[in-house]
Amino acid sequence: MNLLVLAGDGIGPEITAATLAVLRAASERFALGLRIEEASVGHAGLRERGSTIHADIVEKARKADGIVLGPTATFEFKDPGRGEINPSMTLRKSLDLFANIRPARTYAGFPLRSGEFDLVVARENTEGFYADRNMEAGNGEMLVTKDVAISLRRITRVCSERIARAAFDLAMTRRKHVTIVHKANVLKVTDGLFIDACRDVAKEFPSVVVDDVIVDAMMAHVVRNPQRFDVIVTTNMYGDILSDLTAELSGSLGLAASLNAGARHGMAQAAHGSAPDIAGRNLANPLSLILSAAMLLAWYGRRSKTNRFEAAAAAIDKAVEEAIAAKESTVDIGGRLGTRETGEAVAARLVR
Ligand code: NAD
């Protein structure tokens with residue numbers, strides 16, 4: 001498997017190094033034959049080659065069997081004319097990574113606010129309110145006068161149906177329950193279309209129970225009773241916000257794994273950002289990216305019908321569970337190790 005690894009900014013290089021230690025151990029134990037190529041994105045790319053994501057990196061990503069992307073300092077990238085482009089947006093759009101799958105579950109050994117739960121947010125990843133990626137050309141955000149700004153939100157049946165299908169497929173491997181999250185009480189046309197598309201797809205999955213919840217109420221329901229949810233399907237921005245909440249409810253944003261998947265490409269990417277407040281201090285929790293990388297291996301295994309990749313993913317998940325239970329993890333989830341040592345603790349469990 002050829003992997004393109006892009007470390008990114010802030011805590012990106014630290015959590016990526018820890019993830020690579022785990023991937024190398026998994027490759028050795030399960031004979032995955034991982035071939036890893038690294039390239040610079042974010043500030044390093046800007047410094048070295050004048051762009052936060054150089055065009056040839058997109059081509060490398062297209063040719064790779066999978067991508068691991070660390071977080072980048074996207075808020076600081078304001079001027080595309082100066083090479084300041086959001087690498088995550090570029091890869092998601094160029095490779096049509098339409099499904100952003102963000103699981104959140106609790107782990108034994110860490111005291112929890114909400115009791116045990118296990119859910120997945122399936123977030124549409126290519127349109128919605130994300131005006132920097134929802135147009136074929138140009139940008140969906142406009143400054144009409146210096147005091148009037150407009151942002152366009154695009155919802156299409158085709159994109160809604162494909163994220164719904166990804167959510168229902170996932171539900172079939174889990175507890176067979178899909179919750180549609182929307183704001184159709186106000187955004188009657190766009191979110192109405194999203195609900196219709198999800199309900200149409202639901203007809204193909206008669207054994208799956210379907211309900212829907214309005215996004216603002218969802219914030220209360222998921223805090224009050226996260227056990228109620230299995231797979232949650234929603235549009236881009238709601239999914240982005242909701243999945244940070246569910247990750248934090250599971251213990252920490254540092255557990256926020258995610259896979260960006262399309263018909264042909266897959267990209268592991270933690271749901272959180274570059275965390276400048278803790279960068280460079282060996283404090284960041286690398287489990288978010290380690291678990292994301294496991295999701296990528298499982299995705300690749302399903303696609304290529306090679307069991308050992310799914311076995312490696314399951315072994316990484318188990319090693320993470322054991323490391324958390326043994327408090328061999330970072331302080332945000334009650335452990336006593338640094339970023340590097342947490343990666344080593346997970347990797348060591350794979351080669352035992
Ligand atoms: P953030 O997600 O980086 O951090 C929010 C809080 O969570 C911080 O307190 C941080 O220390 C903590 N946190 C995040 N990841 C953690 C980890 N692995 N372990 C322990 N604690 C962790 O959000 P922010 O500070 O608002 O954003 C920082 C930068 O990241 C901004 O430039 C933003 O635009 C960018 N961003 C990038 C991505 C991406 O590349 N995918 C996603 C979100 C934000």
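All of the points below concern the structure found in this document. Just so it is clear, the model here is predicted, and its values are computed rather than measured.

The rules behind these values
- Residues numbered from 1 in each chain as written.
- Predicted model: local features only at pLDDT ≥ 70, side-chain atom pairs only at ≥ 80, totals over all residues.
- Heavy atoms only, no water.
- Helix = DSSP H or I, 4+ residues; strand = E, 2+ residues; numbered from the N terminus.
- Expected span 1.5 Å × (residues − 1).
- Buried < 20%, exposed > 50% of the residue type's maximum accessible area, 1.4 Å probe, protein only.
- Near = heavy atom within 4 Å.
- Polar contact = N/O pair within 3.5 Å; in protein donor to acceptor, adjacent residues only side chain to side chain.
- Core = buried A, V, L, I, M, F, W, Y, C linked by side-chain atoms within 4.5 Å.
- Contact = heavy atoms within 4.5 Å.
- Pairing = 2+ DSSP bridges.
- Axes fitted to C-alpha atoms, helices over the stretch in contact; angles between N-to-C directions.
- Parallel < 35°, antiparallel > 145°, perpendicular 65-115°, else oblique.
- Nonpolar A, V, L, I, M, F, W, Y, C, P; charged D, E, K, R; others polar.

Observations regarding helix H9 (residues 287–304)
- Here H9 contains 18 residues, and its C-alpha end-to-end distance of 25 Å stays within 8% of the 26 Å for a straight helix at 1.5 Å per residue.
- Buried residues dominate H9, accounting for 15 of its 18 residues.
- Phi turns positive, to about 55 degrees, at Lys305, one or two residues after H9.

Section: the site of the ligand
- Neighbouring the ligand are 19 residues; Thr74, Gly273, Ala275, Asp277 and Asn285 lie closest to it.
- With respect to the ligand, the backbone of Ala275 contributes an N or O atom lying 2.8 Å from an oxygen atom.
- Measuring from an oxygen atom of the ligand, one finds a side-chain N or O atom of Asp277 at 2.8 Å.

Looking at helix H4 (residues 87–94)
- Taken across its eight residues, H4 has six buried, putting it largely inside the fold.
- For H4, the full list of buried residues reads Pro87, Ser88, Met89, Thr90, Leu91 and Arg92.
- Its side-chain oxygen placed 2.9 Å from the backbone nitrogen of Ser88, Asn86 serves as the N-cap of H4.

Quick word on the nonpolar core
- Counting residues in each nonpolar core, the largest one holds 72 residues, and the members touching the most others are Leu287, Leu297, Ile316 and Val320.
- Of all the elements, H9 adds the most residues to this core, at twelve residues.
- Among all residues touching Leu287, those that are not within four sequence positions of it are Gly254, Leu255, Val320, Ile324, Ile333, Thr342 and Val346.
- Grouped together as the second largest cluster of nonpolar side chains are 15 residues, Leu4, Ala61, Leu95 and Met267 included.

Quick word on the pairing of strand S10 (residues 231–234)
- Alternating positions in S10 separate into two faces, Val231 and Val233 on one and Ile232 and Thr234 on the other, with burial throughout.
- With four bridges joining them, strand S5 (residues 118–124) and S10 adopt parallel strand pairing. Following the sheet pairing, Val120 is matched in S10 by Val231.
- Pairing of strand S8 (residues 177–182) with S10 involves four bridges; the strand directions are parallel. Residue pairing across strands places Thr179 opposite Ile232, the latter belonging to S10.

Quick word on the environment of Glu37
- Inspection of the secondary structure assignment puts Glu37 in strand S2 (residues 35–39).
- Along the sequence, Glu37 and Ile67 sit 30 residues apart, while their C-alpha atoms lie 9.7 Å from each other.
- If we ignore the near neighbours within four places in the chain, the residues touching Glu37 are Leu3, Leu4, Val5 and Lys60.
- One polar contact links Glu37 to Lys60, side chain to side chain, over a distance of 2.9 Å.

With respect to the packing of helix H1 (residues 12–30) against helix H11 (residues 339–351)
- It is at 8 Å that the axes of H1 and H11 come closest, and there the two elements cross at 10 degrees. On the basis of the axis angle, H1 is roughly parallel to H11. The residues of H11 that touch H1, namely those facing Glu14, Ile15, Ala18, Ala21, Val22, Ala25, Ala26 and Arg29, are Thr339, Gly343, Val346, Ala347, Arg349, Leu350 and Val351.
- Per-class residue counts for the contact of H1 with H11 are ten nonpolar, two polar and three charged.

Observations regarding the pairing of strand S3 (residues 66–69)
- Of the two faces of S3, both are covered, the one formed by Gly66 and Val68 as well as the one formed by Ile67 and Leu69.
- Across four bridges, strand S1 (residues 2–6) lies against S3 in parallel orientation. Bridge assignment links Leu4 to a residue of S3, and that residue is Ile67.
- Bridge count for S3 against strand S12 (residues 266–269) is three bridges, and the pairing is parallel.

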